[in-house]
Amino acid sequence: MYLSKMKIQADVNLLDKHDSFYHTTKSLLVLFQIMGVMPIMRAPKGVNMPRTTFTWGSKAFLWAYFIYACETVVVVLVAKERINKFIYNSDKRFDEVIYNIIFMSILVPHFLLPVASWRNGSEVAKFKNMWTDYQYKYLVVTGTPIVFPKLYPITWALCVVSWSLSIAIILSEYYLQPDFQFTHTFAYYHIIAMLNGFCSLWFVNCTAFGEASRAFAKELSKILATKNPADKLTEYRHLWVDLSHMMQQLGKAYSNMYGIYCLVIFFTTIIATYGSLSEIIDHGATYKEVGLFVIVFYCMSLLFIICNEAHHASKRVGLYFQERLLNVNLTAVDKATQKEVEMFLVAIDKNPPTMNLDGYAIINRRLITANLSFMATYLVVLMQFKLTLLRQGAKKAMIMALKANMTRAAANRHAPPEEPLMQQ
């Protein structure tokens, strides 16, 4: 009763013509193909097949294999040097171990890319095709197309910002960290750019959901102002359920990538925060701590953008529609309309528009507070460990100093008395 049963068959040329979402966000898709991050392809015009496809033997995937192999060579060489430094470094202090782990953890997303991103390529293609079909359904039902005028410049700007920010962050670490070699920077550029790209992708999709829901809400208000809108409300309810299912599919399609994304952010933020605080306690504020705080600020900014945009998208698609329907004066409409309004509200309740990472986590603002709570807990534990090490070090130094003083005192007691200078 509350699921969409409306299936509209359309000519592929019409689907391409009215796929505003693809045309306005094409630049980000092309960037992901060039980087080998998500090798999905757009079907040729006029070919009767799903508009977005994913196959393991496509041209885009062959390029992804090649570029990933080239990047892996560089990443492995840098990782090998850092691991050797980690193993054979004469300084075995706990703080130095933590410091070396920070930059090794940033390399992890590269090795997880095939599992986290490529494996879900078919789900990503399904999500893209859902957008294509939905826009045509919206046009048929409402008589007006969905347009995204702001997404085109936003997407282009985000493509440039993703790489510019990556270069800026890595070069800042090169200048701020004393042992960060320039040759090592080439292993990190594409990884940070990939993280920025996924954050941009999430922002673009959430913005598109917000624009679609805003246009949908206007059409719903027009229909509710007409006489006997029950039949149209049925079609609008089906449209809304499709929109909610697309939001759920977004979380499912990118569940592995954004799940690992959040874990890397969580781990790196904790380690970098501890490393910076520990260095300040030991040596005071230096450029090295500034570099670590840059990493902390960057990671937390990514997490905030993802959670905040998901919160706003869910609110626009779910809560705003509920408020609009609850404001309908049911005593002034016919019984069929009353029933449709009630069914619409139940459909919203049964199909909540949430960004669920395939059951692993729900992306919203609560995830920020939960992460901050866990981070604070682990930081307290690490700082307690740090203070314990300081106390042990101070105690050991005091014992060594006492032993040295006792040794000197014993030597002075057994030494022969010096003759007076006048006798000599």
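Summarised in this report is the structure supplied together with it. (Residues numbered from 1 in each chain as written. Predicted model: local features only at pLDDT ≥ 70, side-chain atom pairs only at ≥ 80, totals over all residues. Heavy atoms only, no water.)

Within the element layout of this structure, Ala-230 appears in helix H9 (residues 230-253). The buried category is assigned to Ala-230, whose relative accessible area is 10%. Each C-alpha atom, one on Ala-230 and one on Lys-335, is 8.9 Å from the other, the two residues being 105 residues apart in sequence. Ignoring anything within four residues of it in the chain, the contact list for Ala-230 reads Ala-336, Thr-337 and Glu-340. (Helix = DSSP H or I, 4+ residues; strand = E, 2+ residues; numbered from the N terminus. Buried < 20%, exposed > 50% of the residue type's maximum accessible area, 1.4 Å probe, protein only. Contact = heavy atoms within 4.5 Å.)

The next subject is the environment of Arg-119. In this structure, Arg-119 sits in the loop between helix H5 (108-116) and helix H6 (121-142). Here the alpha-carbon distance between Arg-119 and Trp-56, two residues 63 residues apart in the chain, equals 9.7 Å. Setting aside residues no more than four positions away along its own chain, Arg-119 makes contact with Trp-56, Pro-114 and Asn-256.

We now examine the nonpolar core. Core analysis: the biggest nonpolar cluster contains 113 residues, and Trp-131, Phe-198, Phe-209 and Met-355 have the highest contact counts within it. Residue contributions to this core peak at 19 residues, all from helix H8 (residues 189-224). Those residues in contact with Trp-131 that lie beyond four places of it in its chain are Phe-21, Phe-148, Asn-205, Ala-208, Phe-209, Ala-212 and Met-246. (Core = buried A, V, L, I, M, F, W, Y, C linked by side-chain atoms within 4.5 Å.)

This next bit is on the environment of Val-37. Among the secondary structure elements, Val-37 is positioned in the loop between helix H2 (20-35) and strand S1 (41-42). Through-space distance from the C-alpha of Val-37 to that of Pro-149 is 26 Å; in sequence the pair is 112 residues apart. Contact partners of Val-37, with chain neighbours within four places excluded, come to Phe-32, Leu-113, Ser-117, Trp-118, Met-194 and Phe-198.

Attention now goes to the pattern of salt bridges. Within the structure shown, the criterion is met by eight salt bridges. Asp-242 is the partner of Lys-137 in a salt bridge, and the nearest nitrogen-oxygen pair spans 3.4 Å. Separated by 105 residues along the polypeptide, Lys-137 in helix H6 and Asp-242 in helix H9 bring together distant segments of the chain. Where Glu-211 meets Arg-214, a salt bridge forms, and the shortest distance between an N and an O atom there is 3.3 Å. Taken together, the residues Glu-211 and Arg-214, both in helix H8 and three residues apart, mark about one turn of the helix. Taken together, the shared-partner salt bridges in this structure form one network comprising Asp-16, Asp-19, Arg-42 and Arg-51. (Salt bridge = Lys/Arg side-chain N within 4 Å of Asp/Glu carboxyl O.)

What follows concerns the packing of helix H11 (residues 287-326) against helix H12 (residues 335-350). Each pair of packed helices can be summarised by the angle the axes make with each other and by the distance between the axes. Where H11 meets H12, the axes come as close as 10 Å, and the angle between the chain directions of the two elements is 160 degrees. On the basis of their axis angle, the class for H11 and H12 is roughly antiparallel. Two packed elements cross with a definite hand, and for H11 against H12 that hand is left-handed. From H11, Gly-318, Phe-321, Gln-322, Leu-325 and Leu-326 reach across to H12, where they touch Val-341, Phe-344, Leu-345 and Ile-348. When grouped by side-chain class, the residues that make up the contact of H11 with H12 number seven nonpolar, two polar and no charged. (Axes fitted to C-alpha atoms, helices over the stretch in contact; angles between N-to-C directions. Parallel < 35°, antiparallel > 145°, perpendicular 65-115°, else oblique. Left-handed = near helix turned anticlockwise from the far one by under 90°. Nonpolar A, V, L, I, M, F, W, Y, C, P; charged D, E, K, R; others polar.)

Next up on the list: the side chain of Ser-244. Considering the arrangement of structural elements, one finds Ser-244 in helix H9. A residue is classified by how much of its surface remains accessible, and Ser-244, at 0% relative accessible area, is buried. Not counting residues within four places of it along the chain, the set of residues in contact with Ser-244 comprises Asn-351, Pro-352 and Pro-353.

This brings us to the state of the cysteines. On inspection of all chains with the given rule, the structure shows zero disulfides. A disulfide-free cysteine, Cys-299 has its sulfur positioned 11 Å from the sulfur of Cys-262, the nearest such atom. (Disulfide = S-S within 2.5 Å.)

Our next topic: H12. Along its 16 residues, H12 runs 22 Å from first to last C-alpha, staying within 8% of the 22 Å computed at 1.5 Å per residue. Where H12 is concerned, the buried positions are Thr-337, Glu-340, Val-341, Met-343, Phe-344, Ala-347 and Ile-348. Here the buried residues of H12 occupy an arc of 165 degrees about the axis, which is enough to place them on one side. Among the exposed residues of H12, those pointing more than 90 degrees away from its buried face are Lys-335, Lys-339, Asp-349 and Lys-350. Considering only its buried residues, H12 is in contact with H8, H9 and H11. The N-terminus of H12 is capped by Asp-334, whose side-chain oxygen sits 3.4 Å from the backbone nitrogen of Ala-336. (Expected span 1.5 Å × (residues − 1). Arc of directions from axis to C-beta. Polar contact = N/O pair within 3.5 Å; in protein donor to acceptor, adjacent residues only side chain to side chain.)

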